[in-house]
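Residues per chain are reported as follows:
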Amino acid sequence: MSSPSPSDGERPPFPAVEARRIVVTHRLPLRAEPNPESPHGFDFSLDADALPLQLSRGLPNPVVFVGALPSAAASIPASEKLAADLLERFSCSPVFLSAGLHEDFYDGFCKHYLWPMLHYLLPHTPYNGGGGENFNQELYRAFLTANTKYADRVHELLNPDEDLVFIHDYHLWALPTILRHKSVRARIGFFLHSPFPSSELFRAIPVREELLRALLNADLVGFHTYDYARHFLSACCRMLGLSNHSRRGYIGVDYSGRAVVVKILPAGVDMGQLRGVLASPETAAKAKEIATEFAGRKVLLGVDDIDLFKGIGLKLLAMEKLLESQEEMRGRVVLVQINNPARSPGRDIDTVRAEAHAMRDRINGRFGEPGYDPIVMIDEPLTMHEKLAFYTSADICIVTAVRDGLNRMPYIYTACRQEGPIAGGGGAPGVPRESAIVLSEFVGCSPSLSGAVRVNPWNVEDVAQGMITALTLNEQDRQMRQEKHYRYVLTHDVAYWGRSLDQDLQMASKDHASMNILSVGLAMKFRIVVLGPDFQKLSPGDINPSYNRTGNRLILLDYDGTMMPEGIIVRYPSQELIDVLNELCSDPKNTVFVVSGRRKDELAGWLAPCERLGISAEHGYFTRWSRDSPWESPDLVVGLDWKNIVEPVMKHYADATDGSYIEAKETALVWHYEEADPDFGSCQAKELQDHLLSVLAKEPVSVKSGNKIVEVNPQEVGKGTAVQNLIASMGARGSLPDFILCVGDDGSDEDMFAAITKPSSNFAFPKSADIFACTVGNKPSLAKYYLEDSDDVLKMLKGLTDSSRPVRALQSQVSFEDPFE
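The rules behind these values
Residues numbered from 1 in each chain as written. Predicted model: local features only at pLDDT ≥ 70, side-chain atom pairs only at ≥ 80, totals over all residues. Heavy atoms only, no water. Helix = DSSP H or I, 4+ residues; strand = E, 2+ residues; numbered from the N terminus. Buried < 20%, exposed > 50% of the residue type's maximum accessible area, 1.4 Å probe, protein only. Contact = heavy atoms within 4.5 Å. Areas by Shrake-Rupley, 256 points an atom, 1.4 Å probe, with all protein chains shown as cover. Lys, Arg positive; Asp, Glu negative; His and termini not counted. Charge placed at Lys NZ, Arg CZ, Asp CG, Glu CD. Salt bridge = Lys/Arg side-chain N within 4 Å of Asp/Glu carboxyl O. Phe/Tyr/Trp six-rings, centres within 6.5 Å; stacked < 30°, edge-to-face > 60°. Lys NZ or Arg CZ within 6 Å of the ring centre and 35° of its normal. Pairing = 2+ DSSP bridges. Axes fitted to C-alpha atoms, helices over the stretch in contact; angles between N-to-C directions. Left-handed = near helix turned anticlockwise from the far one by under 90°. Nonpolar A, V, L, I, M, F, W, Y, C, P; charged D, E, K, R; others polar. Core = buried A, V, L, I, M, F, W, Y, C linked by side-chain atoms within 4.5 Å.

A. Here's a closer look at the overall build of the protein. Helices and strands together make up the secondary structure of the protein, namely 26 helices and 31 strands. Looking at the 821 residues of the protein, the share that counts as buried comes to 56%. The long-range share in the protein, meaning contacts at least 24 apart out of those at least 6 apart in sequence, stands at 71%. Total accessible area computed for the protein in this model is approximately 34800 Å², and 51% of it derives from carbon and sulfur atoms. Positive and negative side-chain charges of the protein, numbering 83 and 108 respectively, have mean locations separated by a distance of 2 Å.

B. Quick look at the pattern of salt bridges. Under the definition given, this model contains 48 salt bridges. The partner of Arg-141 in a salt bridge is Glu-138, with the nearest N and O atoms 2.2 Å apart. One end of the pair, Arg-141, and the other, Glu-138, are both in helix α4 (residues 137-157), 3 residues apart, so they sit about a helical turn from each other. Its relative accessible area of 40% is what places Arg-141 among the partly exposed residues. The salt bridge involving Asp-560 is made with Arg-598; its shortest N-O contact spans 2.6 Å. Pair noted here: Asp-560 is in the loop between β21 (553-557) and α20 (575-586) and Arg-598 is in the loop between β22 (590-595) and α21 (600-606), with a separation of 38 residues, a long-range link. What makes Asp-560 buried here is its relative accessible area of 17%. One salt-bridge network, in which partners are shared between bridges, spans Glu-320, Lys-321, Glu-324, Arg-362 and Arg-366.

C. Representation of the environment of His-119. Residue position: His-119 is located in the loop between α3 (99-118) and α4. With 400 residues separating them along the chain, His-119 and Ser-519 place their C-alpha atoms 34 Å apart. In contact with His-119, not counting residues within four places along its chain, are Ser-194, Pro-195, Phe-309 and Arg-403.

D. The packing of aromatic side chains, seen in detail. Summed over the entire model, instances satisfying the criterion amount to 29 aromatic pairs. With 6.2 Å between their ring centres and 80° between their planes, Phe-109 and Phe-135 make a pair best called edge-to-face. Taken as a pair, Phe-109 in helix α3 and Phe-135 in the loop between α3 and α4 lie far apart in primary sequence, 26 residues in all. The class of Phe-109 is buried, set by a relative accessible area of 1%. With a centroid separation of 4.8 Å and 35° between ring planes, the pair formed by Phe-109 and Phe-143 is classed as tilted. Here Phe-109 is found in helix α3, whereas its partner Phe-143 is found in helix α4, with 34 residues between them in sequence. Here the aromatic cluster, defined as three or more aromatic residues joined through ring pairs, consists of Phe-105, Phe-109, Tyr-113, Phe-135, Tyr-140, Phe-143 and Tyr-150. If you follow Arg-553 out to its NZ or CZ, it ends over the ring of Tyr-547, 3.8 Å from the centre.

E. Seen up close, the sheet that holds strand β23 (residues 614-617). The strand order β20-β31-β30-β29-β21-β22-β23-β24 describes an open sheet built from 8 strands, whose pairing is mixed. For this open sheet the edge positions go to β20 (536-537) and β24 (622-624), each flanked by a neighbour on one side alone. Bridge count between β20 and strand β31 (residues 785-787): 2 bridges; the pairing is parallel. Bridging from a neighbouring strand, Lys-537 pairs with Tyr-786 of β31. Along the sheet, helix α24 (residues 719-732) makes contact with β21, β22, β23, β24 and β29 (739-744), crossing β21 at roughly 160°.

F. Geometry of the packing of helix α11 (residues 312-325) against helix α16 (residues 460-471). The N-to-C vectors of α11 and α16 enclose an angle of 65°; their axes lie 8 Å apart at closest approach. Handedness of the α11/α16 crossing: right-handed. Residue-level contacts link Leu-314, Lys-315, Leu-317, Ala-318, Met-319, Lys-321, Leu-322 and Ser-325 of α11 to Val-460, Glu-461, Val-463, Ala-464, Met-467, Ile-468 and Leu-471 of α16. For the contact of α11 with α16, the residue count by class is 11 nonpolar, 1 polar and 3 charged.

G. Spatial organisation of the nonpolar core. Among the nonpolar cores identified, the biggest contains 178 residues, and Val-24, Phe-44, Trp-173, Phe-196 and Phe-232 are the most heavily contacted of them. Among the elements that take part in this core, α3 stands out by supplying 10 residues, more than any other. Not counting residues within four places of it along the chain, the set of residues in contact with Phe-196 comprises Tyr-120, Trp-173, Phe-202, Leu-212, Leu-215, Phe-223, Tyr-228, His-231, Phe-232 and Ala-235. Counting 39 residues, the second largest nonpolar core, distinct from the first, contains Tyr-547, Cys-585, Leu-607 and Leu-741.

H. Summary view of the pairing of strand β16 (residues 437-440). Judged by which residues are buried, β16 turns out to be covered on both faces: Ile-437 and Leu-439 on one side and Val-438 and Ser-440 on the other are all buried. Note that strand β15 (residues 396-399) and β16 share 3 bridges and pair parallel. Along β16, the bridge assignment pairs Ile-398 with Val-438. Sheet topology note: the β16/strand β17 (residues 453-455) ladder contains 3 bridges and is parallel. The residue bridging Val-438 from the neighbouring strand is Val-453, located in β17.

Here is the structure:
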């Protein structure tokens with residue numbers, strides 16, 4: 001752990017420059033053509049088809065791209081001259097990765113471990129003869145090393161006070177943590193373009209917490225669908241115990257004093273680029289060629305990467321089923337399957353390709369005839385003009401992926417059918433356009449295309465029926481669906497996506513400059529803790545001088561989570577803690593109280609060795625000033641009849657929520673759910689709290705939620721009231737405290753902090769007292785000070801006794817030997 005960082009490392013402040021958007025992706029949006037006469041052996045140019053370039057649409061200029069060189073130029077050795085040239089000419093700053101490092105990072109860890117896991121494929125799951133690899137520590141180290149190189153390049157460019165950093169996709173998952181370590185005030189957004197799996201599967205990743213915390217080191221985390229965001233939130237709750245909230249339409253995860261914004265928005269298509277290609281003569285010529293080739297036949301189009309999850313085989317089986325059941329469609333329906341080149345080689349890819357070819361040959365052998373093949377498979381790479389010509393010519397677009405992040409193919413198809421040279425009436429203005437989409441329900445774009453025929457790709461008969469439905473739609477229905485989809489695609493294009501992402505990242509990071517930041521942890525466990533402007537760790541230099549100077553001290557200590565660590569089963573205090581409490585109580589200047597929500601009998605039994613220790617139990621309802629003094633309790637205005645209402649309600653929720661139980665106190669009822677399922681327990685707690693607030697609306701009681709509890713007690717009972725009563729009792733004896741130390745860890749302790757830091761006007765409070773309100777754990781609090789954990793609390797208390805011991809010994813010596821006394 002390190003101290004708060006007032007500045008960004010040791011670097012000098014940046015000169016005033018225009019804020020930039022730094023877009024970080026696996027590869028730069030560049031083309032590289034070999035040229036022996038070029039200084040670096042290649043001619044570089046911007047690639048209009050590159051996804052990073054499209055994703056930057058809508059971002060304010062200037063935009064700087066950070067990524068690896070194109071694969072064709074990956075062998076170029078590291079060269080700062082080349083880096084400077086690309087930055088000046090194309091606003092691209094390259095990350096140089098050696099061939100071995102890139103292979104281990106991308107082909108090894110990313111594509112053969114992380115990517116299959118995100119798509120629900122466990123390493124031991126057989127799938128078409130291939131599958132994901134087991135977790136490999138060496139490959140993971142390569143992944144972190146590569147991400148560190150990306151972070152180094154971004155850090156060289158970064159002005160943290162002005163620039164916004166947009167990190168894209170799982171290849172750079174570790175980058176938010178590494179960059180945050182280098183620049184604690186960096187304004188970081190991360191968008192995951194793949195699925196985020198359910199927490200049940202995500203927790204099978206050995207480094208799951210490191211990956212979760214990496215995303216939480218960003219200011220904004222983006223997903224294409226609510227399902228993926230929901231899985232992320234569930235993982236944060238189940239694995240890290242983090243809560244989330246929704247406010248004014250934004251979802252935030254509460255993490256170390258920050259609210260990490262969760263954004264949900266599918267990325268659209270680049271309409272400007274599509275229109276430019278669609279308007280070209282090359283596209284029109286290819287579209288005319290396709291129309292001639294498939295004249296008189298309905299064209300179903302699939303465009304997929306060759307990988308395990310695109311469901312190409314399932315699509316072909318569905319086509320076979322259609323031809324089996326619909327004899328009249330034989331010779332009239334063609335499935336054109338365009339297979340994009342694989343992004344990473346592997347046995348699984350070879351298996352998928354071989355299987356698809358075998359199925360094509362078998363189906364064509366069964367149903368083909370001279371001049372007609374029901375399945376046309378295109379494996380050679382197509383230009384963008386050729387590919388868009390197929391989109392404009394297809395009657396039906398079909399996507400049968402079994403798991404996919406977004407898949408913008410249906411968006412592109414919709415745009416091409418609306419604006420392409422073949423759609424509808426040959427592109428003539430005013431002619432209604434039409435289309436039909438058969439879409440897997442497991443694809444990220446599915447929620448936004450409500451007019452699509454949704455299918456379960458695993459059910460071949462369901463997909464075949466979806467094809468039949470799409471083929472038999474009447475013209476008016478096809479026009480209505482096209483109009484509805486086109487309206488969405490047009491208003492939610494990639495420029496809209498970029499603008500929205502930019503605005504939300506600005507909002508999420510607007511307070512960075514004024515934040516009081518504490519750096520905590522090492523390596524991938526690094527995080528920042530945001531503290532209040534005056535919030536600081538309680539040090540001996542803060543408290544010891546005041547403790548030794550004052551003569552009438554009040555020390556207030558919570559029990560669970562403060563003196564005793566969280567998560568332990570045995571709650572008996574250690575002998576070391578008992579010794580420290582007795583040492584504090586032996587000083588006649590001290591009045592020491594444990595203020596807790598626990599029952600008085602529990603506290604009295606655990607703390608019996610502390611003769612002079614005061615106890616305030618059940619949030620202050622029962623109080624005794626020492627072990628041998630009687631328990632005192634206030635005269636409540638109301639009785640406890642409300643328990644008859646609360647108990648059956650709590651029992652209902654306890655019976656319905658496995659792992660929960662009811663604790664009955666003399667003045668309160670508490671529903672505990674720390675052993676319940678985190679998601680279900682939180683949901684039930686909210687439901688229970690709302691239920692109790694409704695049935696107790698006319699009762700003078702409080703319904704409060706705390707750390708895995710819902711508690712009901714009289715409104716007149718609380719730790720804040722208990723502290724006020726203790727101070728009032730000391731004042732009645734003529735000895736108001738001139739030193740108050742109050743330490744606690746949860747929401748109920750905030751009432752104590754409020755009582756001593758913001759006392760009410762009708763409360764006789766010692767105005768000149770030295771106040772030390774201290775929370776345990778780094779969190780937003782009314783307290784000015786914090787300590788990390790119960791070990792820190794014990795060290796602080798021992799420090800008080802140790803610092804006062806020489807003074808007390810000296811006073812005792814003078815009192816014994818001075819003849820004038």
